[in-house]
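# Remarks on the overall topology
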Amino acid sequence: MEDASKKRGTKIAVSLIGHTEIEKLLKELELTPSRSFDQYIIAYIDFLGIKQRMKKENSYDSLHFLKALLAGAKKKASFIQKINAIDDFSIKVFSDNIVIAQKLQAGIVNDQIISILNLVSLLQFEAFFQFDFPLRGGITIGDLFIDDSVVWGTGLIEAYQIESQLANFPRVIVSQKVIDEYEGCQGKSINLFSMIKQDIDGYWFVDYLMAAPNIQLIPQISASLSHKAALHAHENDRVKQKINWIISYFNSLCHEMRDRGDFEKYVVPYL
């Protein structure tokens, strides 16, 4: 009976596709030479807390916020592409994840790296401070195939593993591959290390607070972060740990800016 069901299943599958189409596909595969994947810079981003928001009565409002955020990200991507004269970003959304990728091009790799860091930085800043979506992710360089329906390749796996196994906190980690690739470029127009920051565990992450137009926004950021901390004061320890990481990140900025003003008065207390 089992063999018969397998045969029936095979016949159904074949009938859905069609014998002619299968024969044509097999011939094309035989004639197509094997080729390697293209090298991409890839950002894999996870929107933290999305599942919890889906369960709430006002989840439709959160959906609108998410759509507005993603629409804004695409507009910013278009602007960044134009000013840096680079190809389009490929942006794919999967429920509570987003993949941003761009195929590397010889001669402009440094601009591509800076551009994707700039885009992720702006996305992360607005996601948290305007829409209360903390983000976590990983950025790397690796093999990838991406089109309108499929994202495939070891580069995607590596970016996902960085996000899921290393990031831990609301930060987007930049892999050593990206840093090494940048340092091997010639004629760098912008210093990569002005856009990333090294955490106490040695990992480099996107310094998205530097996406603020100027340091005079520190008082507003402090007020916003204090408000968000109060909202999460009764959450579980795991959520508090994430909020405390953001507080620590912001407070370190206040300490670093103490020579440029009395910014240490804006530090936010931990939960």
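The preceding data block contains the structure.
Residues numbered from 1 in each chain as written. Predicted model: local features only at pLDDT ≥ 70, side-chain atom pairs only at ≥ 80, totals over all residues. Heavy atoms only, no water.

## Examining the overall build of the protein chain
When its secondary structure is counted, the protein chain shows nine helices and eight strands. Buried residues in the protein chain amount to 44% of all 271 residues. Summing over all exposed atoms, the protein chain offers an accessible surface of approximately 15700 Å²; the carbon and sulfur share of this is 54%. (Helix = DSSP H or I, 4+ residues; strand = E, 2+ residues; numbered from the N terminus. Buried < 20%, exposed > 50% of the residue type's maximum accessible area, 1.4 Å probe, protein only. Areas by Shrake-Rupley, 256 points an atom, 1.4 Å probe, with all protein chains shown as cover.)

## So, a nonpolar patch on the surface
Together, Phe-37, Phe-145, Val-150 and Trp-152 make up an exposed nonpolar region whose accessible area comes to about 400 Å². On the secondary structure map, Trp-152 appears in strand β5 (residues 151-152). (Patch = residues over 30% accessible without salt bridge, like charges linked within 9 Å, V, L, I, M, F, W, Y side chains within 5 Å. Salt bridge = Lys/Arg side-chain N within 4 Å of Asp/Glu carboxyl O.)

## Considering the side chain of Arg-171
Inspection of the secondary structure assignment puts Arg-171 in the loop between α6 (154-167) and β6 (172-174). A polar side-chain atom of Arg-171 sits 2.7 Å from a polar atom in the side chain of Asp-201. Once residues lying within four places of it in the same chain are set aside, the contact partners of Arg-171 are Gln-124, Leu-135, Arg-136, Gly-137, Leu-166, Asp-199, Asp-201, Tyr-203, Phe-205 and Trp-245. (Polar contact = N/O pair within 3.5 Å; in protein donor to acceptor, adjacent residues only side chain to side chain. Contact = heavy atoms within 4.5 Å.)

## Brief notes about helix α7 (residues 176-183)
Of the positions making up α7, those classed as buried are Val-178, Ile-179 and Tyr-182. Take α7 and look down its axis: the buried residues cluster within an arc of 95°, on one side only. (Arc of directions from axis to C-beta.)

## Let's talk about helix α9 (residues 237-256)
The end-to-end C-alpha distance of α9 is 28 Å, a good match for the 28 Å that 20 residues give at a rise of 1.5 Å each. Among all positions in α9, only Lys-242, Ile-243, Asn-244, Trp-245, Ile-246, Ile-247, Tyr-249, Phe-250, Asn-251, Leu-253 and Cys-254 are buried. Buried positions along α9 lie against α5 (109-129), β4 (135-146), β7 (196-198), β8 (204-206) and α8 (218-231). (Expected span 1.5 Å × (residues − 1).)

## Here we look at the packing of α5 against α8
Where α5 contacts α8, the axes come no closer than 10 Å and their chain directions differ by 55°. By the criterion of interaxial angle, the relationship of α5 to α8 is oblique. In contact with Phe-125, Phe-128 and Phe-129 of α5, α8 contributes Ile-221, Ser-224, Leu-225 and Lys-228. A breakdown of the residues in the contact of α5 with α8 according to their chemical character gives five nonpolar, one polar and one charged. (Axes fitted to C-alpha atoms, helices over the stretch in contact; angles between N-to-C directions. Parallel < 35°, antiparallel > 145°, perpendicular 65-115°, else oblique. Nonpolar A, V, L, I, M, F, W, Y, C, P; charged D, E, K, R; others polar.)

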